[in-house]
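As a plain string of letters, each chain reads:
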Amino acid sequence: GPPDTLCIVLNVSKSRLTILTALSSSQSLNIIRGDFPPSSKETFFRLLTAQLFIICFPTGVDPVNPSLRTSGCSDKRCPAKPPRGRYAEWNRTSRHLIRVIKPRRTPLHPSAPFPRGTAGHVIGAEGEGSAAPAFSGPGIGAVQLPAGALCAGRAGSGPALLLLPLAFRERMMWPRRAGALGWWLLLLRLAHGVTGGRPCSPKRFGRDALVCVCNSTYCDTHEPVSLPPAGFFVRYETSKSGKRLERSQGAFRRQAAPPDLVLVLEETQRYQTVKGFGGSVTDAASINILSLTPDTQNHLLRSYFAEDGIEYNMIRTPIGSCDFSTRTYSYADWPDDYELKNFSLVEEDIKMKIPVMQRVKAMSKKPIYLFASPWTSPIWMKTNNNWKGKGSLKGKAGSKVHKTWANYFIKFLDEYAKHNLTFWAITAENEPTAGLLTDYPIQCLGFTPERQRDFIALDLGPALANSSHKDIRLIILDDNRVHLPRWAKVVLSEDSQARRYIHGIGIHWYLDLIAPINDTVTPTHQFFPDYFLLLTEASAGFQFWEVSVVLGSWDRGNHYSQSILANLNHNVIGWVDWNLALDLEGGPNWVKKYVDSPIIVDVASDTFYKQPMFYHMAHFSKFIPEGSQRIGLSIVQRYGTCGLEHVALIRPDGAAVVIILNQTGKTISFGLSDKVGLIEAEIPPNSIQTYLWRRE
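Reading the values: the criteria
Residues numbered from 1 in each chain as written. Predicted model: local features only at pLDDT ≥ 70, side-chain atom pairs only at ≥ 80, totals over all residues. Heavy atoms only, no water. Helix = DSSP H or I, 4+ residues; strand = E, 2+ residues; numbered from the N terminus. Buried < 20%, exposed > 50% of the residue type's maximum accessible area, 1.4 Å probe, protein only. Contact = heavy atoms within 4.5 Å. Areas by Shrake-Rupley, 256 points an atom, 1.4 Å probe, with all protein chains shown as cover. Pairing = 2+ DSSP bridges. Axes fitted to C-alpha atoms, helices over the stretch in contact; angles between N-to-C directions. Phe/Tyr/Trp six-rings, centres within 6.5 Å; stacked < 30°, edge-to-face > 60°. Lys NZ or Arg CZ within 6 Å of the ring centre and 35° of its normal. Parallel < 35°, antiparallel > 145°, perpendicular 65-115°, else oblique. Nonpolar A, V, L, I, M, F, W, Y, C, P; charged D, E, K, R; others polar. Disulfide = S-S within 2.5 Å. Salt bridge = Lys/Arg side-chain N within 4 Å of Asp/Glu carboxyl O. pLDDT = per-residue confidence, 0-100. Right-handed = clockwise from strand over helix to strand, strands pointing away.

Description of the overall build of the protein
- Each helix and strand counted, the protein has 10 helices and 30 strands in total.
- Each of the 696 residues in the protein was classed as buried or not, and the buried ones make up 59%.
- Put simply, 69% of the contacts in the protein that link residues at least 6 apart link residues at least 24 apart.
- Accessible surface computed for the protein: about 28,200 Å², of which carbon and sulfur atoms make up 51%.

Let's talk about the sheet that holds strand S24 (residues 607-610)
- Ordered in space as S9-S10-S24-S23-S22, the five strands form an open sheet in which the pairing is mixed. Of all the strands in the sheet, just strand S9 (202-204) and strand S22 (582-583) have a single pairing partner and so form its edges.
- Relative to strand S10 (residues 210-214), S9 is paired through three bridges, and the arrangement is antiparallel. By the bridge assignment, Arg204 is partnered in S10 with Leu210.
- Against the sheet, helix H10 (residues 612-621) contacts S10, strand S23 (599-602) and S24, and its axis sits at roughly 55 degrees relative to S24.

Section: the packing of aromatic side chains
- Per the stated rule, a full pass over the model turns up 36 aromatic pairs.
- Geometrically, the ring pair formed by Phe233 and Phe252 is edge-to-face, given 6.0 Å between the ring centres and 80 degrees between the ring planes. Pair noted here: Phe233 is in strand S11 (residues 232-239) and Phe252 is in the loop between strand S12 (246-251) and strand S13 (261-273), with a separation of 19 residues, a long-range link. Phe252 shares its class with Phe233; the two are buried.
- Ring pairs connect the aromatic residues Tyr329, Tyr331, Phe343, Trp405, Tyr408, Phe409, Phe412, Tyr416 and Phe423, which therefore count as one cluster.
- Its end group placed over the ring of Tyr338, Lys400 keeps NZ or CZ at 4.4 Å from the ring centre.

Overview of the packing of helix H2 (residues 283-290) against helix H4 (residues 347-363)
- Following both chains from N to C, one finds H2 and H4 inclined at 75 degrees, their axes separated by 10 Å at the closest point. The orientation of H2 with respect to H4, classified from their angle, is roughly perpendicular. Contacts between H2 and H4 pair Asp283, Ser286, Ile287, Ile289 and Leu290 from the former with Glu348, Lys351, Met352, Lys353, Val356 and Arg359 from the latter.
- Grouping the constituent residues of the contact of H2 with H4 by class yields five nonpolar, one polar and five charged.

A short note on H10
- Counting buried positions along H10 yields 10 of 10 residues, so the element is predominantly enclosed.
- Within the sequence span of H10, burial applies to Pro612, Met613, Phe614, Tyr615, His616, Met617, Ala618, His619, Phe620 and Ser621.

Thoughts on helix H8 (residues 517-527)
- Within the span of H8, buried status applies to Ile517, Thr520, Val521, Thr522, Pro523 and Thr524.
- The secondary structure elements touched by the buried residues of H8 are helix H7 (486-491), strand S19 (504-508), strand S20 (532-537), helix H9 (554-568) and strand S21 (572-579).

Some words on the environment of Val482
- Mapped onto the fold, Val482 is located in the loop between strand S18 (473-480) and H7.
- Owing to a relative accessible area of 33%, Val482 belongs among the partly exposed residues under this scheme.
- Along the chain, Val482 and His508 lie 26 residues apart, while their C-alpha atoms are 9.2 Å from each other.
- Val482 has contacts with Leu511, Ala515 and Thr520, leaving out every residue within four places of it along the chain.

Some details on the state of the cysteines
- One pass over the full model with this rule turns up two disulfides.
- Note that Cys200 is cross-linked by a disulfide to Cys212, the S-S spacing being 2.1 Å. Because the torsion about its S-S bond is -110 degrees, the bridge between Cys200 and Cys212 counts as left-handed. Of this pair, Cys200 sits in the loop between helix H1 (179-189) and S9 while Cys212 sits in strand S10, placing them 12 residues apart in sequence. Of the two residues, Cys200 and Cys212, both sit in the buried class.

A look at the pattern of salt bridges
- Tallied over the full model, the rule gives 26 salt bridges.
- Residue Glu626 pairs with Lys275 through a salt bridge whose shortest N-O separation is 2.9 Å. Here Glu626 is found in the loop between H10 and strand S25 (629-637), whereas its partner Lys275 is found in the loop between S13 and strand S14 (276-280), with 351 residues between them in sequence.
- The class for Glu626 is partly exposed, based on a relative accessible area of 32%.
- Via salt bridges that share partners, Glu267, Arg270, Asp674 and Arg695 belong to a single interconnected network.

Structural notes on unusual backbone geometry
- Cis geometry marks the peptide bond from Leu484 to Pro485, where omega comes out at 5 degrees.
- Within the secondary structure layout, Pro485 lies in the loop between S18 and H7.
- Here the residue pair Gly587 and Pro588 is connected by a cis peptide bond, since its omega of 5 degrees sits within 30 degrees of zero.
- Take Pro588: it is sitting in the loop between S22 and S23.
- With phi around 40 degrees, Glu431 is a residue other than glycine that occupies positive phi space.
- Under the relative-accessibility criterion, Glu431 is labelled buried at 11%.
- The backbone of Lys592 shows a phi angle near 60 degrees, a positive value even though the residue is not glycine.
- Among the structural elements, Lys592 can be located in the loop between S22 and S23.
- Residue Lys592 is classed as exposed on the basis of its relative accessible area, which comes to 63%.

Overview of the confidence of the model for the protein
- The predicted model of the protein has a mean per-residue pLDDT of 80, with 71% of residues at 70 or higher.
- Below pLDDT 50 for its whole length, residues 11-53 participates in 105 contacts with residues either more than four positions away or in separate chains.

With respect to the pairing of S20
- Burial analysis of S20 places six of its six residues in the buried class, the great majority of the element.
- Two elements, S19 and S20, share five bridges in a ladder whose sense is parallel. The residue bridging Gly504 from the neighbouring strand is Phe532, located in S20.
- Handedness of the crossover joining S19 and S20 through H8: right-handed.
- Bridge analysis of S20 against S21 gives two bridges, and the strand direction is parallel. Note that in S21 the partner of Leu533 across the bridge is Val572.
- For the segment spanning S20, H9 and S21, crossover handedness is right-handed.

This is the structure:
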């Protein structure tokens, strides 16, 4: 700690403060590091546990000196409530007024100087359970912090609090003589929960179209997931009205009349184990990411993969070029090179995709599962000698061309392994039915289910089994679910020699409207329960009549969550988005077949926009770690219909996680019932919530 300072370590639990230890400045304080400006006299830190605090005082000040309590007013002068339009901090024991603040009508923005004279603390009105909103801008609203600010925000119906670095001390309106007691009272008010991370820097592209803006100096972040104490729950909420993964906390009720709608966790009903969530590192995504300055690039990748981001753990990447490339290419564009002597990776791999994936693996605290998909073989192997259009491999399964194409997969895996990138899985072909269509506009390679079965049985399966990549998972279909269950029935039939090499079935979402999940995915799982189902590609704005990029579209975020919930509730083990990042047009794409993305990059301003799709993904990827298992969630209601979409899982740490989506235009009250008690809750219109709690 700083010179002449006493540091006290406190444990905050269930509204109680426990002093664990006190350290003078002559002792070592190894559990936290911080820079203390010479002028500092009071310092506050919040540790990542969200329960442990350190507070430092000058050694000449007694933080509980009764004389400090009379600095605001006497008993007779203290009003029963703070003046209208103001917020006050009280000593609940002596009921002495410590502080009254009138909000300034000056917005606090990350890129703007911190306004002189603006209050550094947002504190609550007197009254148990009263809300104390944060303020900025005209009146009451969300706080935007300067870079480097420490924030402990709003927790359920509890108070909001803004803590600023000591560099802003002279700009605060906190009386020096009451500072120590003020910190103690603020700690007490934090006992119900703490929010970390940096808030969204919002920008609107219409009334309900909001994105969060990131650049080289600022990007919103989200604190690492921490479980609340037993008997409490945390809730994260994103809404059309502007909330973005906003955290709050509450307590279970053990003796309460249940609401009209109750969702009951059914622990004995066990289903699939989740693998994860992610996105795709395409040429286009890499181009957009690497077009930003280094700091902005780092913010973008951390937003997806870091502990203070949304913690993706899966990446899909093309083998060779795809439509989201700027040109057509393969790794063996030398006719009749059946030995693949000229096989080599290209600039798009070595300078773009590989560096991006290496950086992701380095920054993530979780394992990153890579899987790859080919769009086409070299054109000299194809019947139409063309990148696009109707065309398949020459000859039949077991032929020289088929053997060469199978070895092409092995060569790809070998080359990436040299860059310390090993793959969890490959798919046998991206959208194999596309290559059966005349004039199909992008790279493709046609397979019927019979041809894919035979190619795997005679060529690809043995090639993988006899290589150093024998443990890799092989995924079939990798196409729209409309082809199920027939495709699986053909490739995985009892007499199929291919089934022993296969581990899973990949599906895309593009024809879901004409292929109900109960007619496709459900029977496939029933017929083949030993083969996992994974959604391997989805993107918004793909229909020819749609605008490719709609900045801030809430409906597209809703579509993501609706799809993820439906797939999780039908035994799918994960959900992988298409391009991680695209430009303002939705590209680049060599055939100008643009789509939308959760992150849109504006290269000219070295900025990127996090769309509602990004935060909808976060409600799943950040809180459902690998190994979580879906359980039953039954509905008990007295009248009407539920109106909510939901899923429940048990995490590897034993905690429960429930995600609830409200696509209606009304607030819905409901209860969540588990063995630890009842949560009485409500979900606003057009919003998504994630609940998390300990079950022991």
